[in-house]
Amino acid sequence: MAEIIDGKLVSAEVRKSILSSVTEFKEENGFVPGLAVILVGDNPASAVYVRNKHKACLEVGMNSYEITFDKNVSEDVLLAKIDELNQDEKVNGILVQLPLPEHISEEKVINRISPDKDVDAFHPVNVGKILIGNYDFLPCTPAGIMELLKFYNVDIKGKECVVIGRSNIVGKPMALLLLGENGTVTVCHSKTKDLKEVTKRADILVVAIGRANFVTKDMVKEGCVVIDVGINRLENGKLCGDVAFDEVSSVADKITPVPGGVGPMTITMLLKNTLTAAKKQIKK
Ligand code: NAD
């Protein structure tokens, strides 16, 4: 039976260290870092994420500013708000909760956030920095996964790493981070022929697809490390990942559960990025 990679435990440890860094930061600079989160519309899942981000900020002693707009807000009004937050010294990090209503261009919105305050690391400037390995912020979910691997002493160097999924927020940056740690990385996606043949080679398998229980026991190698990013809601209301946990955990060496694996790390990395942003801004 695989060892469980406990995201709640690691997240609590990292938050403790962020809290003490925020206390130190306040003693040195006389203020605490602040994160502004913009929510457009009334998507219930987005509202929950925004509330959790707010609570997490308070937990580590940071300021949190929540800005909400009606779903019909114009793109211009939203962009003007971002301009204002870019100039606001109390705000060190800015995040716009995605998805946005169809009449608003996500690309324009992301590009408008100052790269120095882009704590999601979605701005093309930050994406480019990650590509060349000289970055200030990492996208929160892949960064959280790297923390989990580190905490559980998973050696990446020279290992066969397979990432399923190539999204800009998870799959692609995940592959780059594993490559940065000298993994031998393969990225699979919906057009991959014979997926199982590739996943069977993996020492470290990261799954970010969005399809419940997609990865089964016959697709993984005995003794591998499995990271399940997926969040899927079943008909009975329960959450599950992209990996069939019960059967895969009987062959894997280590595995993340859903919930309680990758999820708790994502917001924690957002807090870390906000602290990094504040430190960088006072040096300017
Ligand atoms: P996405 O929809 O942008 O990308 C899905 C990827 O899966 C695509 O690249 C696609 O090519 C690939 N894919 C789809 N079907 C496939 C198949 N049959 N075989 C191989 N590859 C296939 O999704 P995303 O934004 O990367 O999110 C993926 C999952 O992770 C979702 O369930 C999402 O809710 C979850 N997620 C969780 C967190 C977290 O904090 N835990 C954060 C972000 C996303």
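Please read these numbers as outputs of a predicted model, since none were measured by experiment.

> Account for the site of the ligand, with residues named and values stated.
For the ligand, the set of nearby residues contains 20 residues, the closest of which are Arg166, Ser167, Ser190, Ile231 and Thr266. In the environment of the ligand, a nitrogen atom lies 3.2 Å from a nitrogen or oxygen atom belonging to the side chain of Arg211. Protein chains bury 72% of the 860 Å² of accessible surface belonging to the ligand in isolation.

> Kindly report on the sheet that holds strand E3 (residues 63–69), identifying the contributing residues and their values.
As summarised here, the arrangement of the three strands in space is E3-E2-E4, forming an open sheet in which the pairing is parallel. Whereas interior strands pair on both sides, the edge strands pair on one side only; in this sheet they are E3 and strand E4 (93–96). Strand-to-strand twist across the sheet, computed as the mean angle between neighbouring axes with direction ignored, equals 15 degrees. In the sheet, strand E2 (residues 34–40) pairs with E3 via seven bridges, with the strands oriented parallel. By the bridge assignment, Leu39 is partnered in E3 with Thr68.

> Which residues make up the pattern of salt bridges, and what values go with them?
Enumeration according to the criterion identifies 15 salt bridges in this entry. The closest approach of N and O atoms between Glu84 and Lys81, which form a salt bridge, is 3.1 Å. Of the two residues, Glu84 and Lys81 are both situated in helix H3 (residues 75–87); the distance of three residues between them amounts to about one turn of the helix. Residue Glu84 is classed as partly exposed on the basis of its relative accessible area of 47%. Of the charged contacts, one joins Asp218 and Lys196 as a salt bridge, the two residues approaching to 3.4 Å between their closest N and O atoms.

> If you had to explain the sheet that holds strand E8 (residues 225–228) to someone new, which residues and values would you point to?
Overall, parallel pairing links the six strands, which are arranged E1-E11-E8-E7-E5-E6 in an open sheet. The open sheet terminates on both sides in strands that have one partner only, identified here as strand E1 (3–4) and strand E6 (184–188). Pairing geometry for strand E5 (residues 160–164) and strand E7 (residues 204–207), over four bridges, is parallel. Bridge assignment links Val162 to a residue of E7, and that residue is Leu205. Sheet contacts for helix H7 (residues 171–180): E5, E6 and E7; angle to E5, the most-contacted strand, approximately 170 degrees.

> Go over the domain arrangement of the protein chain, please, and point to the residues and values.
For the protein chain, the assigned domains are domain 1 (30–115) and domain 2 (140–263). Computed over C-alpha atoms, the centres of domain 1 and domain 2 are 29 Å apart.

> Residue-level account of the packing of aromatic side chains, with values.
Here the structure, examined in full by the defined rule, presents two aromatic pairs. Measuring from centroid to centroid gives 5.2 Å for Phe25 and Phe31, while their planes differ by 85 degrees, and the two rings are edge-to-face. The class of Phe25 is buried, set by a relative accessible area of 3%. The partly exposed category is assigned to Phe31, whose relative accessible area is 28%.

> For unusual backbone geometry, give the residues involved together with the corresponding values.
Here Leu98 and Pro99 are connected by a cis peptide whose omega angle stands at 0 degrees. Checked against the element boundaries, Pro99 lands in the loop between E4 and helix H4 (106–112). In this model, Val258 is joined to Pro259 through a cis peptide bond whose omega is -5 degrees. One non-glycine residue with positive phi stands out, namely Ala121, at about 60 degrees. Positionally, Ala121 belongs in the loop between H4 and helix H5 (124–132). In this model, Asn213 sits at a positive phi of 50 degrees, which is unusual for a non-glycine residue. Tracing the sequence through the fold places Asn213 in the loop between E7 and E8.

How each quantity is defined
Residues numbered from 1 in each chain as written. Predicted model: local features only at pLDDT ≥ 70, side-chain atom pairs only at ≥ 80, totals over all residues. Heavy atoms only, no water. Near = heavy atom within 4 Å. Polar contact = N/O pair within 3.5 Å; in protein donor to acceptor, adjacent residues only side chain to side chain. Areas by Shrake-Rupley, 256 points an atom, 1.4 Å probe, with all protein chains shown as cover. Pairing = 2+ DSSP bridges. Helix = DSSP H or I, 4+ residues; strand = E, 2+ residues; numbered from the N terminus. Axes fitted to C-alpha atoms, helices over the stretch in contact; angles between N-to-C directions. Salt bridge = Lys/Arg side-chain N within 4 Å of Asp/Glu carboxyl O. Buried < 20%, exposed > 50% of the residue type's maximum accessible area, 1.4 Å probe, protein only. Contact = heavy atoms within 4.5 Å. Domains from an automatic or database assignment. Phe/Tyr/Trp six-rings, centres within 6.5 Å; stacked < 30°, edge-to-face > 60°.

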